Amino acid sequence: MIFNFFKNKTSKEYPEFWKNYISLFEEKQKYKIPISQADFVIIDVESTGLDFKKDKILSIGGVKIKNNQIDVSNTFEIYLEQDEFNPDAALVHGILKKSNSEKISEQDGIIKFLKFIKNDIIVGHSIYFDISIINETIKRNGGNKLLNKSIDTINLYKRIKGEDYKIDSSVSLDTLSEEFKITKSDRHNAAGDAIITAILFMKLISKLKKRGVTDLESLLKNKRTLF
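What counts and what doesn't
- The residue numbers shown here count from 1 along each chain, following its written sequence.
- The model is predicted, so local features are restricted to residues of pLDDT at least 70 and side-chain atom pairs to those at 80 or more, both for listing and for counting; the totals for chains, interfaces and linings are taken over all residues.
- In computing side-chain properties, one takes all heavy atoms of the structure into account and sets aside hydrogens as well as water.
- What counts as a helix is a DSSP run of H or I of at least four residues, what counts as a strand is a run of E of at least two, and both are numbered from the N terminus.
- Contact definition: two residues touch when any of their heavy atoms are within 4.5 Å.
- Computed with a 1.4 Å probe, the accessible areas rest on the Shrake-Rupley method; for each residue, only the protein chains presented here act as cover.
- Take a side-chain nitrogen of Lys or Arg and a carboxyl oxygen of Asp or Glu: if they are within 4 Å of each other, that pair is a salt bridge.
- Exposure classes here rest on a 1.4 Å probe applied to the protein chains alone. A residue is buried below 20% of its type maximum, exposed above 50%, and partly exposed in between.

Peer 1: I would appreciate a short explanation of the overall build of the protein chain in the present structure.
Peer 2: Of regular secondary structure, the protein chain possesses nine helices and six strands. Taking the intrachain contacts of the protein chain between residues at least 6 apart in sequence as the baseline, contacts between residues at least 24 apart amount to 69%. Per element, the accessible surface of the protein chain, about 12300 Å² overall, is 48% carbon and sulfur.

Peer 1: Any chance you could explain the pattern of salt bridges here in plain terms?
Peer 2: Working definition: two side chains of opposite charge can pair if their charged atoms are close together. What the rule picks out here adds up to seven salt bridges. For Asp120, the salt bridge identified is with Lys64, shortest N-O distance 2.6 Å. Linking Asp120 in the loop between α4 (106–117) and β5 (121–124) with Lys64 in strand β2 (residues 57–66), this pair joins segments that are 56 residues apart in sequence. Accessibility classification places Asp120 together with Lys64 in one group, the buried group. When salt bridges that share partners are traced, they join Lys53, Glu136 and Lys139 into one network.

So, in structure tokens, the structure goes:
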């Protein structure tokens, strides 16, 4: 069954960049390992709006966590060329239609992004939107949905607060940054938000470890789709 799955996923109708990405998942990944041994990639997306079917990605930022440390020497930031422009969204992220930032095509951006994330565990704040709009962008450029496991920092926060804790829009990155005393530099910049989320993630897993969540398999449990 596994062989057939990858045979179908790597069939010739897919572009080379997607086949290369898919090949990273041919080997069964190990989840019964200490959290400290897992490789995470923290990502953030800035877009023209919040409709992942219709809106387009303007920027993606990312940073890696390896050996239980944020690897600031291994960061990622791209800006994409898009015809669409939403002045309301620009007020939030500050990405203007004509800016000095070097922009690349959607396909080149996706190729760079897939090479950066590899098969690491994806982490983000309200990650469902980010992954959904990335999936739409990949499909538009000949690929398919991401295969990486993912973790939402909002879900981790809920595990700390308890199952009865009600999640709503107040659990923003700003709110949790203040609660966990994280400096909000470069907020609403994709790379800056990825760094802030990485620090938040480290603080959350530190609290979860004290409650017995010490291995990756346990950390990946109770995954919920939000918003």
